[in-house]
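Take a look at the letters that make up each chain.
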Amino acid sequence: MQYATQSPTQSRLPKSESFDQPGIIRKPVMAAALLMTLGGILYVNPYSVLGFAYYLLIWHVLIFLFHRRDLGTFSFAFSINSGLIALYYVVQTYVYPETYGTSSPLGSWTDDSYFFSLVADSVPTGMQVREYYYLYSHEFSNVLKAVSLLPIHHPMDVIFFQSGTAALLSTFVRRFMLVNGNDLKSANAAYVLTIICPFLLMNGGALLLRDTFAAALFIYSLSCVSERKWLLAVLAIMTQLAIRPGTAIILLPAYFIIYLPNLRGLDAKKLAAFVFGLPVLVIIGVGLGANLIDSSIFLQYLDRISLDGREVIADLTADANANQIFLAIQNMPFVLKFSLNGIYMFLYPFFNPASAFVGQFFDTRAILLNLVVPIETLWLNAWFFAGAITKFKAIPQQRNVVVAIIVSLLILGTYSLQTRHKTIIYPIYYVIVAIGFARSTKAERRFGYIVSSALLASQIAINVR
């Protein structure tokens, strides 16, 4: 695949700043993160040192075999994420000992404790799990079982698999930007911002959830397509279809939108192969995904995707704590609902101090999602809007990535009523955020801050009322 243009910054990059030398790998930081990880494991569950070492090894072997030049950036991201996981587990087990580090205060009905119970060889004494959990199976837990050779008796034994998915996401956001534009400053900004993103941490980076894994597979497949590593791209798409078929299918238009500039440079035969070949590969992936899990469950899952969303509106209406604005949108005509759901998805999570401290004790996830993340988005959204309006300065697909984000949000808002599914587009969201941070003009950033401040101010005003 030929690239339409080159980044204007490419010729100015010093030779020492190559793809493999980002200038941000710091051994003292990695050492400190490793010490924090080991200290947290010894505090929570010393046996989990084996699980940490195991996932550290298998993830690094995979990266070494297929992406050797990215091993340094992957190791850095893995170490930071594992340190954050250890910190989260220390806090959770101290405040809520009965959770054994899984999210709370919902107890046995949280998805991460459910996925753990399905993959575990035994469940800790006193830990709340869903009734008759052993009668169920799930494709995500099946993947974890397939790659986990050590016994699993504690949530911490398996959680460091997520350090690999978080590192995969950060590493290949950076790789995607370098391959397509070679703008080192923007690529490194996206890399760092995704490593420390609390939204990603609380939706799979530090919890046993699928969302960050699905997002990592999405950006990994985009990077592999850019480098024409077709087999790896297909394997990533197939894995995504297996663990979460609904959101994987929702993302399909994004591939065509993002690579439209590249398609214009192809001859007729190559264009036809791409346009018709990708859907065929997706169909094959769907079939294989159906074989990996119970086919009847797979078909039921697809059948539930409708214009009313993946969740049942009647159930949400019966919930006294459901967001009333969100419910009001669902009762609007389709054209209005289609647009407003996309906006709702973009703005989530909302500034809501009351929900941040709703539990009996300190709850890390509630505070991060309802207080810290909304405040952080004042800057992130400002850089996003700045990056969205700036002229091409980083990658040829810059405008197309913005369009792909908008289209994906509209589809997600219509076909999936679970707001955390927004996680899957976070990698390409951070592509534009990084461009706005690193390459926008003062006027463009000023515009971004005005719009972002107005959005946050409106949320604060609603809460005050």
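Reading guide: rules and limits
Residues numbered from 1 in each chain as written. Predicted model: local features only at pLDDT ≥ 70, side-chain atom pairs only at ≥ 80, totals over all residues. Heavy atoms only, no water. Salt bridge = Lys/Arg side-chain N within 4 Å of Asp/Glu carboxyl O. Helix = DSSP H or I, 4+ residues; strand = E, 2+ residues; numbered from the N terminus. Buried < 20%, exposed > 50% of the residue type's maximum accessible area, 1.4 Å probe, protein only. Contact = heavy atoms within 4.5 Å. Axes fitted to C-alpha atoms, helices over the stretch in contact; angles between N-to-C directions. Parallel < 35°, antiparallel > 145°, perpendicular 65-115°, else oblique. Left-handed = near helix turned anticlockwise from the far one by under 90°.

A. The pattern of salt bridges, seen in detail. Applying the stated criterion to the full structure yields 5 salt bridges. Between Arg175 and Asp70 there is a salt bridge; the shortest N-O distance is 2.5 Å. Pair noted here: Arg175 is in helix 7 (residues 161–181) and Asp70 is in the loop between helix 2 (48–66) and helix 3 (71–95), with a separation of 105 residues, a long-range link. For Glu139, the salt bridge identified is with Arg210, shortest N-O distance 3.7 Å. Residue Glu139 is found in helix 5 (residues 139–147), and its partner Arg210 is found in the loop between helix 9 (198–205) and helix 10 (211–226); the two are separated by 71 residues along the sequence. Its relative accessible area of 10% is what places Glu139 among the buried residues. Judged by its relative accessible area of 8%, Arg210 falls in the buried class.

B. Representation of unusual backbone geometry within the structure. For the bond running from Tyr348 to Pro349, omega is 0 degrees, close enough to zero to count as cis. For Pro349, the position within the fold is in the loop between helix 19 (334–347) and helix 20 (353–356). Located in the positive-phi region is Tyr100, a residue other than glycine, with phi close to 55 degrees. Although it is not a glycine, Arg228 sits at a positive phi angle of roughly 60 degrees. With respect to the helices, strands and loops of the structure, Arg228 is situated in the loop between helix 10 and helix 11 (230–243). With relative accessibility at 43%, the residue Arg228 sits in the partly exposed group.

C. Broad picture of helix 5. Taken together, the buried positions of helix 5 are Glu139, Phe140, Ser141 and Leu144. On its buried side, helix 5 packs onto helix 4 (111–119), helix 6 (155–158), helix 7, helix 10, helix 11 and helix 12 (245–250).

D. Structural detail: the packing of helix 7 against helix 23 (residues 426–439). Relative to each other, helix 7 and helix 23 sit at 55 degrees, their axes nearing to 10 Å. Judged by the angle between their axes, helix 7 and helix 23 are oblique. In the packing of helix 7 onto helix 23, the handedness of the crossing is right-handed. Between helix 7, through Leu169, Val173, Phe176 and Met177, and helix 23, the contact on the second element is made entirely by Pro427, Val431, Ala434 and Ile435.

Function-wise, these values are silent; they only describe arrangement.
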